[in-house]
Amino acid sequence: MIETFTALICAHVLADFAFQSNEMVAGKARRHMPTLAAHLAILLGLSTLLLLQLSGALLAALILVGLSHFLIDIAKTFAPKSRALMAFVTDQGAHLLATAAIAATFPGLFADAFWADQSWLPGLLALIAGAIVTIRAGGFAVGLLMARFDDSAPPEGLPQGGRLIGQLERGVIFLLVLAGQPAAIGFLIAAKSILRFEAVSKNGANPKSEYVIIGTLASFGWALAGSYATLALMSHLAPLGILPPAN
């Protein structure tokens, strides 16, 4: 079951955060059916590729994947903009539960797939999904959290600089946790604090410094949660052989 779940969740993560443009997100929010259809086609195509086989079970699972994803995405469009972060978290949580239920219903899908003899593949899929959730999805979550404080945001230097910094810091945390060196994250926190000090310390305590603190803690917290969730999933799969053994 865990291999099937990993394949399905990786397909979902890729469809939502790697192969979905901003235009598609806006179209889905307007309940534009061609956009929703295109998004579902990408999801179902990825799911089929990762669980490739000729069986009625795969067809039934794909129907459930498409239907559940469609209903959850439609339900999200009714959430008020003031609850955007809650809608995002609830939406992804619902997708996670639906994927787990489908994997439990069809636990042997990966075992019957064309790639079943590649024992390393589920671990790689877990690693890919975890990295995307930690680095890219984390950017959306932190951005939605900080949207209410936009008036207190410090001035941006480079265009999209803050977003890129956030992705890089979450990527570094992800690598450090998977490499078994979480203590080194303290040096990352110290380095960012030093670099940000001048930008937020003028005139003493001010909303801009609080904005940076909240954003940094949220970003680091998401990265740690995503990294350890990835490790937990990979611990139930065949080892890739590229990570240090768990203590």
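Being a predicted model, the structure only gives us computed values, none of them experimental.

*Asks:* Explain unusual backbone geometry to me, please; I cannot follow it from the model alone.
*Replies:* In most cases, non-glycine residues show a negative phi, while peptide bonds are predominantly trans. Located in the positive-phi region is Arg 31, a residue other than glycine, with phi close to 60°. Mapped onto the elements of the fold, Arg 31 is located in the loop between helix 2 (22–29) and helix 3 (33–50). Given a relative accessible area of 34%, Arg 31 falls into the partly exposed group.

*Asks:* What should I look at first to understand the packing of aromatic side chains in this one?
*Replies:* The way to describe two aromatic rings as a pair is by their centre distance and the angle between their planes. For the structure on display, the rule yields three aromatic pairs. When the centroid spacing of 6.2 Å and the interplanar angle of 65° are considered together, the rings of Phe 17 and Phe 88 count as edge-to-face. Residue Phe 17 is found in helix 1 (residues 2–17), and its partner Phe 88 is found in helix 5 (residues 84–105); the two are separated by 71 residues along the sequence. Note on Phe 88: relative accessible area 6%, which makes it buried. Aromatic rings pair up to connect Phe 17, Phe 88 and Phe 140 into one cluster. Sitting over the face of the ring of Phe 78, Arg 31 holds its NZ or CZ atom 4.0 Å from the ring centroid.

*Asks:* Before we go on, may I ask you to explain the packing of helix 1 against helix 3 in this structure?
*Replies:* For any two helices packed against each other, the geometry comes down to the angle between their axes and how far apart the axes lie. One way to put it is that helix 1 packs onto helix 3 with a least axis distance of 9 Å and a crossing angle of 145°. In this structure, helix 1 crosses over helix 3, and the sense of that crossing is right-handed. Where helix 1 abuts helix 3, its residues Ala 7, Leu 8, Cys 10, Ala 11, His 12, Leu 14, Ala 15 and Asp 16 lie against His 39, Ile 42, Leu 43, Leu 46, Ser 47 and Leu 50. Considered class by class, the residues forming the contact of helix 1 with helix 3 number 10 nonpolar, three polar and one charged.

*Asks:* Just checking my understanding: could you explain the environment of Ala 87 for this structure?
*Replies:* Structurally, Ala 87 can be placed in helix 5. Through-space distance from the C-alpha of Ala 87 to that of Ala 75 is 9.3 Å; in sequence the pair is 12 residues apart.

*Asks:* What is the right way to read the UniProt feature "transmembrane region" (unreviewed entry) in the protein chain from this model?
*Replies:* The feature "transmembrane region" (unreviewed entry), as annotated in UniProt, sits at residues 39–72, 93–111, 123–147, 168–191 and 211–233 in this numbering. Along residues 93–111, the helical share is 68% and the strand share 0%, with 26 Å between the first and last C-alpha atoms. What you have in residues 123–147 is 96% helix and 0% strand, and the ends, taken at the C-alpha atoms, are 35 Å apart.

*Asks:* Looking at this model, I keep getting lost on the pattern of salt bridges. Mind explaining?
*Replies:* Oppositely charged side chains can pair when the atoms bearing their charge come close. What the rule picks out here adds up to one salt bridge. Here Asp 73 and Lys 28 are joined by a salt bridge, their closest N and O atoms 3.0 Å apart. Taken as a pair, Asp 73 in helix 4 (residues 56–76) and Lys 28 in helix 2 lie far apart in primary sequence, 45 residues in all. Like Lys 28, Asp 73 is buried.

*Asks:* Just checking my understanding: could you explain the packing of helix 1 against helix 6 (residues 121–146) for this structure?
*Replies:* Across the interface, helix 1 lies against helix 6 with an axial gap of 9 Å and an inter-helix angle of 35°. Once helix 1 is placed against helix 6, the crossing between them reads as left-handed. Across the interface between the two elements, Glu 3, Thr 6, Ala 7, Cys 10, Val 13, Leu 14 and Phe 17 of helix 1 pack against Pro 122, Leu 125, Ala 126, Ile 128, Ala 129, Ile 132, Val 133, Arg 136, Ala 137 and Phe 140 of helix 6. Of the residues belonging to the contact of helix 1 with helix 6, the class tally is 14 nonpolar, one polar and two charged.

*Asks:* How do you make sense of helix 5 when you look at a structure like this?
*Replies:* Given 3.6 residues per turn, any residue in an α-helix points the same way as the ones three and four places further on. Look at helix 5: 31 Å from first C-alpha to last across 22 residues, which is about the 32 Å you get at 1.5 Å a residue. Along helix 5, the residues that are buried comprise Ala 87, Phe 88, Asp 91, Gln 92, His 95, Ala 98, Thr 99, Ile 102 and Ala 103. An end-on view of helix 5 places all buried positions within 135° of arc, on one side of the element. In helix 5, those exposed residues whose orientation departs by more than 90 degrees from the buried face are Met 86 and Leu 97.

*Asks:* Before we go on, may I ask you to explain the confidence of the model for the protein chain in this structure?
*Replies:* Averaged over the protein chain, the pLDDT score is 85; the fraction of residues at 70 or greater is 86%. Confidence, read as mean pLDDT per element, is least for helix 8 (residues 185–201) in the protein chain (67) and greatest for helix 1 (95).

Conventions adopted
- Residues numbered from 1 in each chain as written.
- Predicted model: local features only at pLDDT ≥ 70, side-chain atom pairs only at ≥ 80, totals over all residues.
- Heavy atoms only, no water.
- Helix = DSSP H or I, 4+ residues; strand = E, 2+ residues; numbered from the N terminus.
- Buried < 20%, exposed > 50% of the residue type's maximum accessible area, 1.4 Å probe, protein only.
- Phe/Tyr/Trp six-rings, centres within 6.5 Å; stacked < 30°, edge-to-face > 60°.
- Lys NZ or Arg CZ within 6 Å of the ring centre and 35° of its normal.
- Axes fitted to C-alpha atoms, helices over the stretch in contact; angles between N-to-C directions.
- Left-handed = near helix turned anticlockwise from the far one by under 90°.
- Contact = heavy atoms within 4.5 Å.
- Nonpolar A, V, L, I, M, F, W, Y, C, P; charged D, E, K, R; others polar.
- UniProt positions renumbered as here; feature names shortened; annotations may be inferred.
- Salt bridge = Lys/Arg side-chain N within 4 Å of Asp/Glu carboxyl O.
- Expected span 1.5 Å × (residues − 1).
- Arc of directions from axis to C-beta.
- pLDDT = per-residue confidence, 0-100.

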